[in-house]
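Here is how the chains run, residue by residue.
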Amino acid sequence: MAKYIIQRLIKSVLSVLIVVGIVVGIVYKLVPDTRSFTMDNGYKKMSGNPKTVYYYGKLETLGYLDYLSINDLVNMTKGDASGEGAKTEEEVYEELENDGYTVMELSANDELKGSHIAYRRYNVFELIGNYFSKLVVVDHTNYIQDPENPNLERSLHWGKDHNGVPALIGSGTLHKYLIYFDGHFPFVHQNFITFNFGESFPMHKGVSTMDVIAEGQGPLKNIEQTFPTGATLKSPVNQHTLKYKYMLDALDKKRYTDNYADGMNYHESPSMIQVSYIFGILSLILQYLIAIPAAVAMSKRPGSWGDRIGIGYINLLISLPSLALIFFMKYLGLGLGLPDMFPHLGFNDVRSYIMPTIILALLGTPNLMMWLRRYMVDQNSADYVKFAKAKGLSGTEISRRHILRNAIIPIVNGIPSSIILAISGAVLTESVFGIPGMGKMLPDAIKAGNNNMVITLTFIFTALAVAAVFIGDLLMTVVDPRIQLSEKKGGE
């Protein structure tokens, strides 16, 4: 079993990396890079040579190419401090072109006219290699190299955080708290290994894609807390997320005794991940509460009126377009006094959750009901059922203790997948109701040309899908010990 788990883990990681590598190649090579600027209002307002310089500089930031600015080219002609190794502009340009760079003369009629820039676009293998080389960030005591702080202490030690709770504290590291504890699942957190998916652009400029997804939404939430200087005041800063900050302002110096002053903020509303997960879990619970009892009742008397009504319900929802059901339920809820858009009442009103949750649950019931009913009807003629009837067991006992017990095994296999993938939300439902969750983030990111966000979401969804299948397989062996995931020695 241990060997099987290790093999599955290796295959799972490789599967995720292959999918992400393919997506990196697609978004950088098959999608025009100009799409990344369609929602960049600053770029639209620019003109002339500054617009060209900004364009290529931003493409370098986004990972498309290696860019050499005007100053870079000038410095390449100077040589060392003594002037040795100095080259003419023509020599520099020729060397760059031999190395695959395109040297461009700025021709627009402004102050930069006649200057030169150079760039070299990465091939697909370089793009994928560059992305994966920066993906995993391992924090350590030599991570920060700050010329303005040459005497920076470099250490790891156990201390107490701002709440007086034990934590592993770093100095010289990117993060202040490498291990810390709080009341949020999974309760023990680490910053030794983090993922760097790049910055979001053009939406949420300059913010890490993971911060966009995981940080709260809405107004800032001020919490009374004590800062390292001893000052106690209300602030939205989450001190557990503090990172090294190279330039401190006056407010930072009033709160912090060192350069660890750059942290995320608390917000009044949940993050996009949490929003999708809330709706996903609630709808999943309701889906099983509806589908399992209904399927069991239908299977007891095949062909009865109850069974026919259930089959009609299944056929109706399978054939009905999802969008039609969503809008029908939306206006039905509006007639009952429920909001037709989530933002109308917001996160703190239970009425905001009712219709989206019901819709998501209804969309998931047909397949579950159909499969469970079909299996239980088929098992009614099995030998073990005939034997149970001969022993005098009632139909209810046979259905509950034997048939349903066997039918529940594949359902258990699908539960982890349903729970974990609930985090992805539902694109149509979230779009129609204006729910600020993850479900509609992927199409929005594709539309905006937000490459890093597209890749980040692909990584998350792929990893969750692979993990769900893996956990489902393991859970089946717990429910039914007869199931073996690995072959026994000797072909037994």
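Please refer to the structure higher up on the page.
The rules behind these values
- Residues numbered from 1 in each chain as written.
- Predicted model: local features only at pLDDT ≥ 70, side-chain atom pairs only at ≥ 80, totals over all residues.
- Heavy atoms only, no water.
- Buried < 20%, exposed > 50% of the residue type's maximum accessible area, 1.4 Å probe, protein only.
- Helix = DSSP H or I, 4+ residues; strand = E, 2+ residues; numbered from the N terminus.
- Pairing = 2+ DSSP bridges.
- Axes fitted to C-alpha atoms, helices over the stretch in contact; angles between N-to-C directions.
- Contact = heavy atoms within 4.5 Å.
- Polar contact = N/O pair within 3.5 Å; in protein donor to acceptor, adjacent residues only side chain to side chain.
- Patch = residues over 30% accessible without salt bridge, like charges linked within 9 Å, V, L, I, M, F, W, Y side chains within 5 Å.
- Areas by Shrake-Rupley, 256 points an atom, 1.4 Å probe, with all protein chains shown as cover.
- Salt bridge = Lys/Arg side-chain N within 4 Å of Asp/Glu carboxyl O.

So, about the pairing of strand 3 (residues 116-121). Burial of strand 3 is extensive: five of the six residues sit out of reach of the surface. Pairing of strand 1 (residues 65-68) with strand 3 involves four bridges; the strand directions are antiparallel. Paired with Leu 65 across the bridge in strand 3 is Arg 121. Here strand 2 (residues 102-105) runs beside strand 3; their pairing, made up of four bridges, is antiparallel.

Looking now at the sheet that holds strand 1. Pairing within the open sheet is antiparallel, and its three strands lie in the order 1-3-2. Here the strands that pair on one side only, and so sit at the sheet edges, are strand 1 and strand 2. Pairs of neighbouring strands in the sheet enclose a mean axial angle of 20°, with direction left out of account. Helix 3 (residues 48-62) contacts strand 1, strand 2 and strand 3 of the sheet and is inclined by roughly 135° relative to strand 1.

Side-chain direction in a regular strand flips from residue to residue, so the side chains alternate between the two faces of the sheet. In terms of strand pairing, strand 6 (residues 166-171) meets strand 7 (residues 177-181) through two bridges, oriented antiparallel. What sits directly across from Ile 169, in strand 7, is Tyr 177. Once strand 6 ends, the chain turns through five residues before running back antiparallel as strand 7, passing Gly 172 with a positive phi of about 90°. Relative to strand 8 (residues 188-190), strand 7 runs antiparallel, the two sharing three bridges.

Spatial ordering of the open sheet is given by 5-6-7-8, a layout of four strands whose pairing is antiparallel. Here the strands that pair on one side only, and so sit at the sheet edges, are strand 5 (155-160) and strand 8. Taking the axes of each pair of neighbouring strands and ignoring which way they run, one obtains an average angle of 15° across the sheet.

Quick look at the side chain of Ser 352 now. Its place among the elements puts Ser 352 in helix 12 (residues 351-379). Within the structure, the side chain of Ser 352 is placed 2.8 Å from the backbone oxygen of Gly 346, a separation counted as a polar contact.

Take a nonpolar patch on the surface next. A cluster of nonpolar side chains, namely Ile 6, Ile 10, Val 13, Leu 14, Leu 17, Ile 18, Ile 22, Ile 26 and Leu 30, defines an oily patch on the protein surface of about 840 Å² accessible area. Counting through the fold element by element, Ile 18 comes out in helix 1 (residues 2-29). Relative accessible area serves as the criterion here: at 53%, Ile 18 is assigned to the exposed category.

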